[in-house]
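The lines below spell out each chain.
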Amino acid sequence: MSLKDKKILIGVTGSIAAYKVAILIRLLKKQGAIIKVIMTESAKDFITPLTLSTLSENPVLSKYSNSETGEWHNHVEMALWADIMLIAPASANTIAKAANGICDNLLLAVYLSARCPVYFAPAMDLDMLAHQSTQNNLQKLKNFGNTIIDSTSGLLASGLEGKGRMEEPENILKLIEGGLKKKSDFKGKKVLITAGPTQEAIDPVRFIGNHSSGKMGYAIARAFCLSGAKVELISGPVNIDYNHPNLKIHKVDSALEMEKKAKKLFPKSDISVLAAAVSDYRPKTKAENKIKKKNGKNLNIELVENPDIAFELGQKKTKNQRLIGFALETENLRKNAKEKLIRKNFDLIVMNKANDSDSGFAHDTNRISILDRYNNLTEFELKSKEELAFDILESIRNFKG
């Protein structure tokens, strides 16, 4: 998608990688973009405002006001001006402040006022990037709806070698162009997603459940939101926070609650992705009080089948709707997934193995393959669940039913 006349606001922070911003501005200008730059004070130690002002053809700002002219730099106006905001390089300090709402400079004030898509391109030494506090802050920024442009590996300014280099300007340009395209891919589409586990109560304090974290389902919801869709997400109990103007979350606990909500929302959906790990069984009765130990005696709990939500929705699916399911298996993956696809009237089924050590439940990564109703198989390498979410959207987009 063309960047011509797109208004891009670049925030530059204190990092040796700031020199790459000059190259990036040149590339963006060649695409016809309109560029404005905000710098932190420490960024000026690595690249001069004059350089970036000359390349961007606009004044570079770093303070709320100009003491010489008395001019006020309105952070709200700058935030509303931008079609895209890019913070590159993004230092550990700025990432931490942005993630926690600390607003002690012009750049952060503009970020907190931004309504446009925001990209962060981290740049720091490998141990700083790997530190749990930095990783938590990056995850917070993702949960807020921002896009993190992953750092690359190589020789760092410290002399160490590893992950922490800011992505190259040419690749940042491609990611921004791709992001603009994704923003409108599913514009106007109504999408229903189920995510996370269900918990089937035994008594007021215990339940039957599974290890699903909800990460894959939430990643798919985020991808659809960023692609312009209106998303209804039915979520079992998870420890994930994500907010977006296009997203409405319906929180449930049990399979029966998820079934009720899904049956209500499904008729109005254009696309439904059933990523939840719904418990197959539930206790026949729930004890009113906490069950106590009985002096060595065994406890027997009678289980009954939960409704098959995917099957029920598949029977009601119209020719204009798309229904995507998931198959998590320990053996005979493709055979079992194909049977499930046919029986539940899916258009596509996303397959992965439960016993892979680096994918599946609770992991940030996954290794999937996608089978469609015409027996076409697409396999994907191990990737982050956020990357795979866009691969799943691409498969939905390309499916010809």
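## What to know about the sheet that holds strand 3 (residues 60–61)
Reading across the sheet, the six strands line up as 3-2-1-6-7-8 and stay open at both edges, with parallel pairing between neighbours. One side of each edge strand has no neighbouring strand; the edge strands of this open sheet are strand 3 and strand 8 (147–148). Both strand 1 (residues 7–12) and strand 2 (residues 34–39) contribute to a ladder of six bridges, which runs parallel. Bridge pairing links Leu9 to Lys36 in strand 2. Strand contacts of helix 2 (residues 49–56): strand 1, strand 2 and strand 3, with the helix running at about 165 degrees to strand 2, the strand carrying the most contacts.

## Thoughts on the sheet that holds strand 14 (residues 230–235)
Strand order across the open sheet formed by eight strands is 15-14-11-16-19-20-22-23, with mixed pairing between neighbours. Edge positions in the sheet fall to strand 15 (247–251) and strand 23 (377–379), since each of these pairs with one other strand and no more. The mean inter-strand angle of the sheet, taken between neighbouring strand axes irrespective of direction, is 15 degrees. One ladder, built from six bridges, connects strand 11 (residues 190–195) with strand 14; its direction is parallel.

## A few points about the pattern of salt bridges
Across all of its chains, the model carries 15 salt bridges by this definition. A salt bridge links Lys317 to Asp347, with the shortest nitrogen-to-oxygen separation between them at 3.5 Å. With Lys317 in the loop between helix 11 (309–316) and strand 19 (322–329) and Asp347 in the loop between helix 12 (333–343) and strand 20 (348–353), this residue pair connects regions lying 30 residues apart in the sequence. For Lys317, a relative accessible area of 16% translates into the label buried. When the shortest N-O distance is used, the salt bridge between Glu394 and Arg397 registers 2.1 Å. Here Arg397 and Glu394 lie together in helix 13 (residues 385–398), a separation of three residues that amounts to about one turn. Look at Glu394 and you get partly exposed, because its relative accessible area is 37%. Through salt bridges with shared partners, a single network forms among Lys20, Arg165 and Glu168.

Definitions and cut-offs
Residues numbered from 1 in each chain as written. Predicted model: local features only at pLDDT ≥ 70, side-chain atom pairs only at ≥ 80, totals over all residues. Heavy atoms only, no water. Pairing = 2+ DSSP bridges. Helix = DSSP H or I, 4+ residues; strand = E, 2+ residues; numbered from the N terminus. Contact = heavy atoms within 4.5 Å. Axes fitted to C-alpha atoms, helices over the stretch in contact; angles between N-to-C directions. Salt bridge = Lys/Arg side-chain N within 4 Å of Asp/Glu carboxyl O. Buried < 20%, exposed > 50% of the residue type's maximum accessible area, 1.4 Å probe, protein only.

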